[in-house]
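Summary of the model geometry
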Amino acid sequence: MANTNAEHQTGERIAYLTRVQCFSASHRLHSLGLSDDENQRIFGKCNNPNGHGHNYRAEVTVRGKINKVTGMVINLTDLKECIEEVIMVPLDHKNLDMDVPYFANVVSTTENVAAYIWDGLVKILPVGEMYEVKIYETDKNIVVYRGE
């Protein structure tokens, strides 16, 4: 039997909310666990000793029950403040390798940037609300991380 509209009104509904944030950062793809020759071979021009930069686009998606009183999964102002703290303050207009301690020994790939953002948001958002971090390094290179 199909759910009627009345049944949906009394049951709990789950929604996914995405907030988009752009930030600019530079980095160099270089692994301390590889020789200079290996780094050059694996990372190519992205291993340039002077680094290179990106205008990243981050999409942060939370998942949760729609609050029957507020009609929201999370207050957008709260989500915006969390994103400011985890993405903009530590990453925007920074050299990831030199300015962000996490990347001192972690290769600053977009995969690791997504994991870094996830780890930061999971610590300050309500438990279980984080669903996904999607990072556009370029229009063609996109990473999705779901905490796995």
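Details of the structure are given in the entry above.
Sequence order as written defines the numbering, with residues in each chain counted from 1. The predicted origin of the model limits local features to residues at a pLDDT of at least 70 and limits the giving and counting of side-chain atom pairs to 80 or more, whereas totals for whole chains, interfaces and linings rest on all residues. Values reported for side chains reflect all heavy atoms of the structure, with hydrogen atoms and water molecules removed beforehand.

**Description of the sheet that holds strand S3 (residues 94-95)**
- Strand order in the open sheet made by the 5 strands is S3-S1-S2-S4-S5, with mixed pairing throughout. Two strands bound the open sheet, and with one partner strand each, they are S3 and strand S5 (142-145).
- Both strand S2 (residues 52-65) and strand S4 (residues 130-136) contribute to a ladder of 6 bridges, which runs antiparallel. Across the sheet, Ala 58 pairs through a bridge with Ile 135, a residue of S4.
- Taken strand by strand, helix H3 (residues 76-91) contacts strand S1 (14-27), S2 and S3, and its axis lies near 20° from that of S1.
- When checking whether two residues touch, look at their non-hydrogen atoms; a contact exists if any pair is within 4.5 Å. The angle between two axes is taken between their N-to-C directions and runs from 0 to 180 degrees, where each axis is a line fitted to C-alpha atoms and a helix contributes only its stretch in contact. Numbering goes from the N terminus for both helices and strands, where a helix is a DSSP run of H or I of at least four residues and a strand is a run of E of at least two. Lying over the sheet, helix H5 (residues 110-124) contacts S1, S2, S4 and S5, oriented at roughly 145° with respect to S4. Two strands are counted as paired when DSSP detects at least two bridges linking them.

**Considerations on the packing of H3 against H5**
- Between H3 and H5, whose axes approach to 9 Å, the crossing angle comes to 140°. The way H3 lies across H5 gives a crossing that is right-handed. Touching Cys 82, Ile 83, Glu 85, Val 86, Ile 87, Pro 90 and Leu 91 of H3 are Tyr 116, Ile 117, Gly 120, Leu 121 and Ile 124, all from H5.
- Each residue belonging to the contact of H3 with H5 can be placed in one class, and the counts come to 10 nonpolar, 1 polar and 1 charged. In this scheme, a crossing is called left-handed if the near helix is turned counterclockwise away from the far one by less than a right angle; it is called right-handed if the turn is clockwise. Each residue receives one of three labels: charged for Asp, Glu, Lys and Arg, nonpolar for Ala, Val, Leu, Ile, Met, Phe, Trp, Tyr, Cys and Pro, and polar for the others, Gly being one of them.

**Comments concerning the nonpolar core**
- What is meant by a nonpolar core is a set of buried Ala, Val, Leu, Ile, Met, Phe, Trp, Tyr and Cys residues, joined one to another through side-chain atoms within 4.5 Å. A simple rule labels every residue: compare its accessible area, found with a 1.4 Å probe on the protein chains alone, to the largest value its type can have, and call it buried under 20%, exposed over 50%, or partly exposed in between. Ranked by internal contacts, the top residues of the largest apolar core, which has 30 residues, are Phe 23, Ile 87 and Ile 117.
- Where this core is concerned, the elements lending two or more residues are S1, S2, H3, H5 and S4.
- Apart from the residues within four sequence positions on either side, Ile 87 is in contact with Phe 23, Ala 58, Val 60, Asp 92 and Ile 117.

**What about the pairing of S2?**
- Alignment of S1 against S2, held across 14 bridges, turns out to be antiparallel. By the bridge assignment for S2, Ser 26 is matched with Gly 53.

**Some details on the pairing of S4**
- The pairing of S4 with S5 spans 4 bridges and is antiparallel. Each bridged residue has a counterpart across the sheet, and for Ile 135 the counterpart in S5 is Val 143.

**Looking at H3**
- The span you would expect from a helix comes to 1.5 Å times its residue count less one. Given a rise of 1.5 Å per residue, 16 residues ought to cover 22 Å, and the 21 Å separating the end C-alpha atoms of H3 matches this to within 8%.
- Two axes define the bend at a residue: one fitted to the seven residues ending there, one fitted to the seven starting there, and the bend is the angle between them. The sharpest bend along H3 comes to roughly 40°, located at Glu 84.
- Buried within H3 are the following residues: Leu 79, Cys 82, Ile 83, Val 86, Ile 87, Met 88, Pro 90 and Leu 91.
- Close packing links the buried residues of H3 with S1, S2, S3, helix H4 (96-99) and H5.
- A 3.5 Å cut-off defines polar contacts: any pair of N or O atoms within that distance qualifies, except that in protein one atom must be a possible hydrogen donor and the other a possible acceptor, and neighbouring residues in sequence count only when both atoms are side-chain atoms. For H3, the N-terminal cap is Asn 75; the gap from its side-chain oxygen to the backbone nitrogen of Thr 77 is 2.8 Å.

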